[in-house]
Amino acid sequence: MQSNPLLENLNDLQELAAKVTDTNVLVEAGPGTGKTRVLTARMAWLIAQGCKPHDILAITFTNKAANEMAERLGAAGLSGQLQITTYHSWAFNFLKDRVPDRACPVVVTENEQKRILTEVARSEGFDGKIKAIFDRIQFLKQSYPIKIEEEPEDVQLLWKLYHDRLSAYNLYDYDDLIIAAIDHLESQGNKDENVLSYYHVLIDEFQDVSPAQYKLTQLIASHGCRVMAIGDPNQSIYGFRGSDPVFMRRFETDFSPCTRISLTSAYRCPQRLLDAARIVLAVEEAPVLKSHKGHAGNITFKKFQTPEKEAGWVARKIDQLSGGISFESLNQGIASGQGLRSLSDIAILFRINRIGQIFAKELEKAGIPYQFGGAANPLSDEKLNKLWHLLEFIEGRDIDYHLFMLRPEERKRLLSLTSNLKKEMKAMEPSNLLKTVSRLLKFQYSTSEARLLKKAIKWHQRGRPLSLALKAEQDVLDFHVEAVSLLSLHASKGLEFPVVFITGCEQGLIPWEKGDIQEERRLLYVGLTRASEQVFITCSMRRHLYGEKIETQPSPFLEDIDELISKEKGHRKRRKKARQKKLF
DNA sequence: GAGGTTCAACCTTTT
DNA sequence: GTTGAACCTC
């Protein structure tokens with residue numbers, strides 16, 4: 001039996017997690033403890049034990065994570081029929097194969113969901129608060145079992161109207177995929193021997209499962225296969241979309257017999273960061289992680305009078321850390337040439353994306369390249385998505401459905417097209433057609449959108465739906481680019497940078513006023529544990545948000561870790577200066 | 001149908 | 001303070 005590189009250099013607990021196959025396994029894996037290593041090692045081990053690739057199913061939450069895992073396995077010579085997929089795409093393919101009375105499901109985006117619900121509600125003369133009901137419906141769809149009959153009448157009504165309309169057009173929203181898969185398995189699964197035949201299921205980021213996804217996991221695993229769930233309950237930051245860390249605890253009993261392993265050797269963060277992060281978490285039973293870094297790490301805190309000053313300081317600090325090529329740093333002689341950082345080693349994190357703009361502006365001023373990470377701009381996504389519907393409409397397919405996805409005003413514009421003009425458009429070159437259609441909808445494109453469109457047209461010509469082509473081309477962080485990364489705290493999960501700035505660390509932002517306080521703590525926990533070397537925490541004493549000017553206080557979370565924060569030299573002097581300034 | 005006004009939201013995000 | 005949807009007028 002040949003040894004695989006993925007099975008080498010594991011610590012004892014990692015190895016145990018990878019090789020226990022006589023029970024189910026729950027792995028609690030804190031930041032930097034080798035979560036992905038365990039997952040890939042386990043797959044390598046199973047294969048080495050003679051398990052067939054198609055008997056193994058690995059589930060992740062994002063396509064990106066799935067691709068990364070596939071890449072790692074591929075690099076170790078284990079590609080082939082390993083199934084690495086997300087819950088949603090698993091359910092999509094499952095349904096495609098097994099629900100013959102409905103053709104290939106079409107999935108609607110959240111914006112489309114909203115439009116459909118609003119339209120359907122209005123056409124039935126409903127005049128209540130649609131937004132609140134929409135949120136409620138979204139919440140219900142994550143739950144299991146869904147008890148719609150216990151809901152208020154208006155929720156029940158809109159639920160029905162919405163779903164009737166979806167099935168009329170053979171549409172599913174993302175949650176429907178999970179729900180439909182559960183329904184199918186519950187009603188027919190046990191009668192159909194061939195429905196599921198996995199011997200091993202591995203689930204990544206288990207702290208992020210919703211009740212529905214948990215149920216689906218139980219159904220998939222009900223045929224006697226072994227399940228490994230791995231995750232970190234303390235990094236559960238997606239409560240707003242249905243994640244519930246409670247399932248990490250439930251797993252042990254629901255998937256008995258189960259071996260529980262807690263990985264506590266941390267290879268990313270220095271000890272001081274781990275300690276601070278654990279204090280911020282304020283969870284008694286959280287595991288104490290032991291750092292294997294050779295140094296303690298460093299946390300500094302600095303507060304500013306305005307967000308612009310905060311951002312300006314961050315920009316100067318980055319300039320300094322990266323070797324200071326800007327005019328200002330050369331002038332002041334702070335460029336030291338020692339231990340210089342690459343710009344890709346540095347991340348600026350914030351609670352809300354809006355705040356990222358302030359940093360972008362200051363970085364631009366300083367001539368420091370940057371890139372935004374996380375989700376692509378949903379507005380442009382929507383724009384491009386609409387274009388696709390329009391193109392399909394012009395091609396003459398599924399007219400009702402595609403028109404339905406447009407706003408009333410846009411729809412009117414379209415319906416005003418004479419059949420002559422439509423014929424003309426049909427004969428146009430794709431790029432020309434896009435131009436015409438865009439003019440019709442009054443769309444204007446940024447350069448990046450224009451680039452995206454060009455690529456997408458090429459894909460489209462090769463027979464792919466434009467919307468899919470556009471999705472595939474969405475820009476993500478490029479770690480090879482010499483640029484600072486700008487990210488929301490949420491978007492930073494799973495990433496690692498030597499230097500991390502956690503900005504806007506103020507009461508009201510971190511923690512977010514209306515947020516769940518414990519989840520806000522976990523969010524800061526995630527932020528702190530992104531850094532492999534040092535963390536700068538900053539805040540501003542004033543904040544301009546939603547047209548309101550607010551006086552702010554540093555985050556109360558910081559009080560708890562005061563002793564772990566290095567005091568900047570010359571603190572007192574600076575203070576004096578500030579006071580003098582005030583006199584004028 | 002274009003163009004103006006008012007009103008209410010306004011976080012985090014994946015599929 | 002910005003955006004989008006709904007509603008108005010010409």
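Asker: Residue-level account of the protein's contact with DNA strand B, with values.
Answerer: Around DNA strand B, the surrounding shell holds 21 residues, and the nearest of these are Asn-63, Tyr-174, Arg-351, Asn-353 and Ser-488. Expressed as a percentage, the sugar and phosphate content of the atoms of DNA strand B within 4 Å of the protein is 60%. Here His-88 contributes a side-chain N or O atom positioned 3.4 Å from a base oxygen of DNA strand B. For DNA strand B, a base oxygen lies 3.4 Å from a polar atom in the side chain of His-490. When the residues that make up the surface near DNA strand B are grouped by side-chain class, the tally is 9 nonpolar, 7 polar and 5 charged.

Asker: Go over the sheet that holds strand β6 (residues 200-203), please, and point to the residues and values.
Answerer: Pairing between sheet strands relies on hydrogen bonds along the backbone, with the strands arranged either parallel or antiparallel. Taken in spatial order, the 6 strands of this open sheet run β3-β2-β6-β7-β1-β8, and their pairing is parallel. The sheet is open, and its two borders are formed by β3 (83-86) and β8 (258-263), each paired with just one other strand. Neighbour-to-neighbour, the strand axes of the sheet open up by a mean angle of 15°, direction not taken into account. As defined by bridge partners, strand β2 (residues 56-60) adjoins β3 across 4 bridges and the pair is classed as parallel. Bridge assignment links Ala-58 to a residue of β3, and that residue is Ile-84.

Asker: For the sheet that holds strand β15 (residues 497-502), give the residues involved together with the corresponding values.
Answerer: Spatially, the 6 strands line up as an open sheet ordered β11-β16-β15-β12-β14-β13, and their pairing is parallel. Strands with a single pairing partner mark the edges of an open sheet, and in this sheet they are β11 (298-304) and β13 (370-372). Each neighbouring strand pair of the sheet contributes to a mean axis angle of 20°, computed without reference to strand direction. Looking at chain direction, β13 and strand β14 (residues 484-488) are connected through 3 bridges and run parallel.

Asker: Outline the environment of Arg-341, listing residues and values.
Answerer: Along the chain, Arg-341 falls in the loop between α13 (327-332) and β12 (346-350). Between the C-alpha atom of Arg-341 and that of Asp-319, which follows or precedes it by 22 residues, the distance is 9.4 Å. Discounting chain neighbours no more than four positions away, the residues touching Arg-341 are Leu-321, Ser-322, Ile-346, Pro-498, Val-499, Glu-533 and Gln-534.

Asker: Now, about the packing of helix α2 (residues 35-48) against helix α3 (residues 63-75): what can you tell me, with residues and values included?
Answerer: Here α2 crosses α3 at 55°, and the two axes come no closer than 10 Å. Here α2 is positioned oblique relative to α3, judged by the angle of their axes. Seen along the crossing, α2 lies across α3 with a hand that is right-handed. Listed contacts from α3 to Thr-36, Arg-37, Leu-39, Thr-40 and Met-43 of α2 are Met-69, Arg-72 and Leu-73.

Asker: Outline the state of the cysteines, supporting the account with residue identities and numerical values.
Answerer: One pass over the full model with this rule turns up 0 disulfides. Among the cysteines around Cys-505, which has no disulfide bond, Cys-539 carries the closest sulfur, lying 7.1 Å off. Since its relative accessible area comes to 0%, Cys-505 is described here as buried. Owing to a relative accessible area of 0%, Cys-539 belongs among the buried residues under this scheme.

Asker: Describe the packing of helix α11 (residues 271-281) against helix α22 (residues 517-528), and please don't skip the residues or the numbers.
Answerer: Angle between the axes and distance between the axes: these two values describe a pair of packed helices. Look at α11 against α22: their axes get within 8 Å of each other, and the N-to-C directions meet at 170°. When the axis of α11 is compared with that of α22, the two are roughly antiparallel. Counted together, Leu-273, Ala-276, Ala-277, Arg-278, Ile-279, Val-280 and Leu-281 of α11 and Gln-518, Arg-521, Arg-522, Leu-524, Tyr-525 and Leu-528 of α22 form the full contact between these two elements. Taken together, the residues of the contact of α11 with α22 break down into 9 nonpolar, 1 polar and 3 charged.

Asker: Please provide a residue-by-residue account of the confidence of the model for chain A, values included.
Answerer: The pLDDT averaged across chain A works out to 82; a share of 75% of its residues lies at or above 70. Counting contacts from residues 333-337, a segment whose pLDDT is below 50, to residues more than four positions away or on other chains yields 5 contacts.

Asker: Summarise the pairing of β14; cite the residues concerned and give the values.
Answerer: The buried fraction of β14 is high, at 5 of 5 residues. Burial of the side chains of β14 extends over both faces: Val-484, Leu-486 and Ser-488 are buried on one face and Ser-485 and Leu-487 on the other. Pairing of β12 with β14, which is carried by 4 bridges, proceeds in the parallel orientation. The partner of Phe-350 across the bridge, within β14, is Ser-488.

Asker: So, the nonpolar core: which residues are in play, and what are the values?
Answerer: The biggest cluster of nonpolar side chains holds 63 residues, and the ones touching the most others in it are Ile-318, Ile-348, Phe-501, Ile-502 and Ile-537. Filtering out sequence-adjacent residues up to four positions away, Ile-348 remains in contact with Val-314, Ile-318, Phe-359, Leu-363, Val-484, Ser-485, Leu-486, Leu-487, Phe-501 and Thr-503. Counting residues in hydrophobic clusters, the runner-up holds 35 residues, among them Phe-61, Phe-94, Tyr-172 and Phe-255.

Asker: Quick rundown of the side chain of Gln-207? Include the residues and the values.
Answerer: Looking at the element boundaries, Gln-207 is found in the loop between β6 and α9 (211-220). Here Glu-205 takes part through its side chain, which lies 2.8 Å from a polar atom of the side chain of Gln-207. Side-chain polar atoms of Gln-207 contact the backbone nitrogen of Asp-232, separated by 3.0 Å. Ignoring anything within four residues of it in the chain, the contact list for Gln-207 reads Gly-231, Asp-232, Pro-233, Gln-235, Ser-236, Ser-243, Asp-244, Pro-245, Met-248 and Lys-493.

Asker: Can you tell me about α3, naming the residues and giving the values?
Answerer: When the terminal C-alpha atoms of α3 are compared, their 18 Å separation across 13 residues agrees well with the 18 Å that a helix rising 1.5 Å per residue should span. Ala-66, Met-69 and Leu-73 are the residues of α3 that are buried. Along the long axis of α3, the arc covered by the buried residues comes to 65°, so they all point the same way. Seen from the open side of α3, the exposed residues pointing more than 90 degrees away from its buried face are Asn-63, Glu-71 and Ala-75. Looking at the buried residues of α3, the elements they touch are α2, β2 and β3.

Asker: Can you break down helix α1 (residues 12-19) residue by residue, with the values?
Answerer: The set of residues buried in α1 consists of Gln-14, Ala-17 and Ala-18. An end-on view of α1 places all buried positions within 100° of arc, on one side of the element. Its buried side turned inward, α1 meets β1 (24-29), α2, β7 (226-231) and β8.

Quick notes on the rules
Residues numbered from 1 in each chain as written. Chains lettered and ligands numbered in written order. Predicted model: local features only at pLDDT ≥ 70, side-chain atom pairs only at ≥ 80, totals over all residues. Heavy atoms only, no water. Near = heavy atom within 4 Å. Polar contact = N/O pair within 3.5 Å; in protein donor to acceptor, adjacent residues only side chain to side chain. Nonpolar A, V, L, I, M, F, W, Y, C, P; charged D, E, K, R; others polar. Pairing = 2+ DSSP bridges. Helix = DSSP H or I, 4+ residues; strand = E, 2+ residues; numbered from the N terminus. Axes fitted to C-alpha atoms, helices over the stretch in contact; angles between N-to-C directions. Contact = heavy atoms within 4.5 Å. Parallel < 35°, antiparallel > 145°, perpendicular 65-115°, else oblique. Left-handed = near helix turned anticlockwise from the far one by under 90°. Disulfide = S-S within 2.5 Å. Buried < 20%, exposed > 50% of the residue type's maximum accessible area, 1.4 Å probe, protein only. pLDDT = per-residue confidence, 0-100. Core = buried A, V, L, I, M, F, W, Y, C linked by side-chain atoms within 4.5 Å. Expected span 1.5 Å × (residues − 1). Arc of directions from axis to C-beta.

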